[in-house]
Amino acid sequence: MKAIVLDRSHSDKITLSDIEVPSISENQVLVQIKSAALNHRDEWCRQGLYPNLKDGVVLGSDGAGIVKEVGSKVDSKWIGQEVIINPAIHWGSQEKVQNKDFRILGMPDNGTFAEYLIVSSDRLYHKPLHLSWEEAAALPLAGLTAFRALMVQGKAKSSKKVLVTGFGGGVAQLAVQFALAIGAEVYTSSSSEEKLDKSKAMGVKNGFNYKDENWTKLALEETSGFDLIIDSAMGDTLNQLIDVSNPGARIVFYGATKGNPDGFNARKVFWNQLRLIGSTMGSDEDFKEMLRFVKKHQIKPIVDEVFSMEKAVQAFEKMKAGKQLGKLVLKVS
């Protein structure tokens, strides 16, 4: 089968290779992948920025396809079913935090950038009928991350003013869509006016360009402050988020692409009784609730562009440059 594997000896750090389709065990299934979506972790693997990398591993955490074969202990009714795959492996029994052996499909386990995927049957969920293959592939990782950050950790409600930073990536866009679906007053931030305009076209009340040194002042003048902020950057922007938070607000962050903050306004945090909450992926129950929510509100992930497997490097380069407005998807079969 064709697969995109990590290959750090190659100038592109990935190669489209022909590899054998592995055999399945009694609790596994064989899924023919129709579409797969990129995430930043795939590009970080390509750049050598992810831990425990191993050449030859098939990349990709997000995928949707058709079940072609099942193991001896798996219900044969799955055969022929259209499915999406939960990429969170071994979350464990605690809802509040993942197990020590938690990992994400696509490294170190072979992932979705291949014509076929072997995966445990408990990772399968029926593909929402209102989604295309490309939209379905774009949903799992970003949808799960956004849902837990916004709804579980953030306790989002219709009465709240919500700021989603870094609008343009898959998680941020789905967080915006989820917040709009519950009737919250939603705002965004980005360095791109095009992306801010897109968010406003979706129903966001306003967007702020964080390259504008006065953006926090403008945000406070318009909103008086936010009740919930969803962020993936952190770094030295944290104090700006603290500045635009209402007393008792929650700042939920699911990443730290700008690293750790050099300064931290601890006094303002304790005096205003703010909550800084970390969030990573989500539990199996979170995934089920996210799917119910998506189906109920007929939410469709935004797909920026679809690439063939042969043009995967172009997709990776577009993600590296941050030029996407939505998810980048590979058409596999």
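What counts and what doesn't
- Residues numbered from 1 in each chain as written.
- Predicted model: local features only at pLDDT ≥ 70, side-chain atom pairs only at ≥ 80, totals over all residues.
- Heavy atoms only, no water.
- Helix = DSSP H or I, 4+ residues; strand = E, 2+ residues; numbered from the N terminus.
- Rg over C-alpha atoms; globule rule 2.2 N^0.38 Å.
- Buried < 20%, exposed > 50% of the residue type's maximum accessible area, 1.4 Å probe, protein only.
- Contact = heavy atoms within 4.5 Å.
- Areas by Shrake-Rupley, 256 points an atom, 1.4 Å probe, with all protein chains shown as cover.
- Axes fitted to C-alpha atoms, helices over the stretch in contact; angles between N-to-C directions.
- Parallel < 35°, antiparallel > 145°, perpendicular 65-115°, else oblique.
- Nonpolar A, V, L, I, M, F, W, Y, C, P; charged D, E, K, R; others polar.
- Salt bridge = Lys/Arg side-chain N within 4 Å of Asp/Glu carboxyl O.
- Core = buried A, V, L, I, M, F, W, Y, C linked by side-chain atoms within 4.5 Å.
- Left-handed = near helix turned anticlockwise from the far one by under 90°.
- Polar contact = N/O pair within 3.5 Å; in protein donor to acceptor, adjacent residues only side chain to side chain.
- Expected span 1.5 Å × (residues − 1).
- Pairing = 2+ DSSP bridges.
- Right-handed = clockwise from strand over helix to strand, strands pointing away.

> Help me understand the overall build of the protein chain, please; the structure alone is not making it clear to me.
Counting its regular elements, the protein chain contains ten helices and 17 strands. Computed over C-alpha atoms, the radius of gyration of the protein chain comes to 20 Å, within 12% of the 20 Å expected from 2.2 N^0.38 for 333 residues, which places it in the range of a compact globule. When the backbone C-alpha atoms are referred to their principal axes, the protein chain occupies close to 60 × 40 × 40 Å. Classification of the 333 residues of the protein chain by burial places 53% in the buried group. Contacts spanning at least 24 positions in sequence make up 71% of the contacts within the protein chain whose residues lie at least 6 apart. Within the structure as shown, the protein chain displays about 14900 Å² of accessible surface, and the carbon and sulfur contribution to it stands at 46%.

> How should the packing of helix α3 (residues 140-153) against helix α9 (residues 284-297) be read in this particular structure?
In a pair of packed helices, the angle between the axes and the distance between the axes together describe the arrangement. Contact pair α3 / α9: the axes reach a minimum separation of 9 Å and the direction vectors enclose 95°. By the angle between their axes, α3 is roughly perpendicular relative to α9. Along its contact with α3, which presents P140, G143, L144, F147, R148, M151 and V152, the element α9 presents D286, F287, E289, M290 and F293. Classifying every residue of the contact of α3 with α9 gives eight nonpolar, one polar and three charged.

> How do you make sense of the pattern of salt bridges when you look at a structure like this?
Pairs can form between side chains of opposite charge once their charged atoms are near each other. On inspection of all chains with the given rule, the structure shows 18 salt bridges. Across the salt bridge formed by D286 and R148, the nearest N and O atoms sit 2.5 Å from each other. One end of the pair, D286, is in helix α9; the other, R148, is in helix α3, and 138 residues separate them in sequence. For the pair D286 and R148, one class covers both residues: buried.

> What exactly am I supposed to notice about the nonpolar core here?
The biggest cluster of nonpolar side chains holds 47 residues, and the ones touching the most others in it are I84, L139, L150, F178, I230, M281 and M290. Those elements that provide at least two residues to this core are β4 (62-70), α2 (133-137), α3, β10 (161-164), α4 (170-181), β13 (226-231) and α9. Counting 39 residues, the second largest nonpolar core, distinct from the first, contains L117, V119, L124 and F316.

> Can you walk me through the packing of α3 against α4 in this structure?
Following both chains from N to C, one finds α3 and α4 inclined at 55°, their axes separated by 8 Å at the closest point. For the element pair α3 / α4, the angle class is oblique. Taken as a pair, α3 and α4 cross one another with a handedness that is right-handed. Between α3 and α4, the contacting residues are A142, G143, T145, A146, F147 and L150 on the first element and G170, V171, L174, A175, F178 and A179 on the second. Class assignment of the residues belonging to the contact of α3 with α4 gives a composition of nine nonpolar, three polar and no charged.

> I tried to follow the side chain of T15 on my own but got confused; where do I start?
Relative to the helices and strands, T15 resides in strand β2 (residues 14-18). Accessibility expressed as a relative area gives 17% for T15, which makes it buried. At 3.1 Å, the side chain of T15 forms a polar contact with the side chain of S17. Among residues more than four places away in sequence, those in contact with T15 are A3, I4, V5, D7 and H10.

> Looking at this structure, I do not really get α4. What am I missing?
An α-helical turn contains 3.6 residues, so a residue and the one three or four places further along point in the same direction. For α4, which comprises twelve residues, the first-to-last C-alpha distance of 16 Å matches the rise-based estimate of 16 Å (1.5 Å per residue) to within 8%. For α4, the buried fraction is high: ten of the twelve residues fall into the buried class. Within α4, burial applies to G170, V171, A172, Q173, L174, A175, V176, Q177, F178 and A179. Those residues of α4 hidden inside the fold are in contact with α3, β10, β11 (185-190), α5 (193-202), α9 and β17 (327-331). Phi turns positive one or two residues past the end of α4, at G183, with a value near 90°.

> Would you mind showing me how to read the pairing of β11 here?
Consecutive side chains along a regular strand alternate between the two faces of the sheet. Counting buried positions over the six residues of β11 gives five, a clear majority of the element. With four bridges joining them, β10 and β11 adopt parallel strand pairing. Bridging from a neighbouring strand, K161 pairs with E185 of β11. Between the parallel pair β10 and β11, the chain is carried across by α4, and the sense of this crossover is right-handed.

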